[in-house]
Amino acid sequence: SIWLDLFWPIFGIGVSVGALLTVRVPARWDRRHLLMGCYGMQAAGVLLSVGWPTLAGFALGSLLLGLPFTAITLFAMQEARRLWPHNASALIGLLTAAYGLGQIAGPPMVGWLLHRSASAAQGFATSLQIAAAALVLGLVIFAALARRSPLATKLSPGGSTAPSEGSIGVER
């Protein structure tokens with residue numbers, strides 16, 4: 001269908017808008033909370049295509065996938081710098097490797113599910129549900145980390161609170 005060809009541009013518009021919004025996020029906001037929101041938004045976008053397989057569902061799902069796409073990378077790199085300020089590149093490398101493993105494992109898993117499902121639609125739906133579950137798992141992990149180690153705040157000269165740098169200790 002010609003309509004399906006429009007989902008990549010919709011995704012791209014979401015990525016562009018998300019990137020513009022991301023650079024305007026105040027530095028004082030906890031990156032773990034922002035990552036939780038991004039993961040939740042992407043999980044909703046993935047699940048929309050399963051639960052609402054219509055033109056509107058796919059369009060909205062594509063937009064929800066695209067909006068936080070670059071934000072996740074930026075916020076994760078900022079969080080890595082906060083956690084390991086003297087060796088952030090090592091943690092960023094680990095995060096990049098983990099992401100790469102997911103990108104490598106995903107297509108064979110989908111192929112396996114498609115081959116073993118009653119129909120291609122069922123196999124594809126199951127693979128999307130697994131992807132959404134992985135995003136929700138990431139959201140839960142960040143929620144647990146934020147709850148376990150809330151950012152300490154300090155009073156700034158203007159009287160507002162801001163997270164202090166290195167406010168939680170992840171020892172290396």
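Each remark here, short or long, concerns the structure printed above.
Residues numbered from 1 in each chain as written. Predicted model: local features only at pLDDT ≥ 70, side-chain atom pairs only at ≥ 80, totals over all residues. Heavy atoms only, no water.

1. Topic: helix α5 (residues 88-116)
Between its terminal C-alpha atoms α5 stretches 42 Å, which fits the 42 Å expected from 29 residues at 1.5 Å a residue. For α5, the principal kink sits at Gly 106 and spans about 25 degrees; a proline, Pro 107, occurs within the next four residues. All of the buried residues in α5 are Ala 88, Leu 91, Ile 92 and Leu 113. Those residues of α5 that are buried lie in contact with α4 (69-83) and α6 (120-148). (Helix = DSSP H or I, 4+ residues; strand = E, 2+ residues; numbered from the N terminus. Expected span 1.5 Å × (residues − 1). Bend = angle between axes of the 7 residues up to and from the residue. Buried < 20%, exposed > 50% of the residue type's maximum accessible area, 1.4 Å probe, protein only. Contact = heavy atoms within 4.5 Å.)

2. Thoughts on the packing of helix α2 (residues 31-51) against α4
To characterise two packed helices, one gives the angle between the axes of the helices and the distance between these axes. Relative to each other, α2 and α4 sit at 155 degrees, their axes nearing to 9 Å. In terms of their interaxial angle, α2 and α4 are classed as roughly antiparallel. Considering how the two elements wind past one another, α2 and α4 form a crossing that is left-handed. Of the residues in α4, those touching α2 at Arg 31, Arg 32, Leu 34, Leu 35, Cys 38, Tyr 39 and Gln 42 are Phe 69, Ala 71, Ile 72, Phe 75, Ala 76, Gln 78, Glu 79 and Arg 82. Across the contact of α2 with α4, the residue classes tally to nine nonpolar, two polar and four charged. (Axes fitted to C-alpha atoms, helices over the stretch in contact; angles between N-to-C directions. Parallel < 35°, antiparallel > 145°, perpendicular 65-115°, else oblique. Left-handed = near helix turned anticlockwise from the far one by under 90°. Nonpolar A, V, L, I, M, F, W, Y, C, P; charged D, E, K, R; others polar.)

3. A short note on the pattern of salt bridges
Counted according to the given criterion, the structure contains three salt bridges. Between Glu 79 and Arg 82 there is a salt bridge whose closest N-O contact spans 2.5 Å. With Glu 79 and Arg 82 both in helix α4 and three residues apart, this pair spans about one turn of that helix. Assessed through its relative accessible area of 5%, Glu 79 is described here as buried. (Salt bridge = Lys/Arg side-chain N within 4 Å of Asp/Glu carboxyl O.)

4. Some thoughts on the packing of aromatic side chains
Taken as a whole and judged by the stated rule, the model has four aromatic pairs. Relative to Phe 69, the ring of Phe 11 lies with its centre 5.3 Å away and its plane at 75 degrees, an arrangement referred to as edge-to-face. Placement of the pair is Phe 11 in helix α1 (residues 7-22) and Phe 69 in helix α4, with a sequence separation of 58 residues. A relative accessible area of 17% places Phe 11 in the buried class. Taken together, a centroid distance of 5.7 Å and an interplanar angle of 85 degrees make the contact between Tyr 39 and Phe 142 edge-to-face. Taken as a pair, Tyr 39 in helix α2 and Phe 142 in helix α6 lie far apart in primary sequence, 103 residues in all. Note on Phe 142: relative accessible area 16%, which makes it buried. The structure contains a cluster of three or more aromatic residues connected by ring pairs, namely Trp 8, Phe 11 and Phe 69. (Phe/Tyr/Trp six-rings, centres within 6.5 Å; stacked < 30°, edge-to-face > 60°.)

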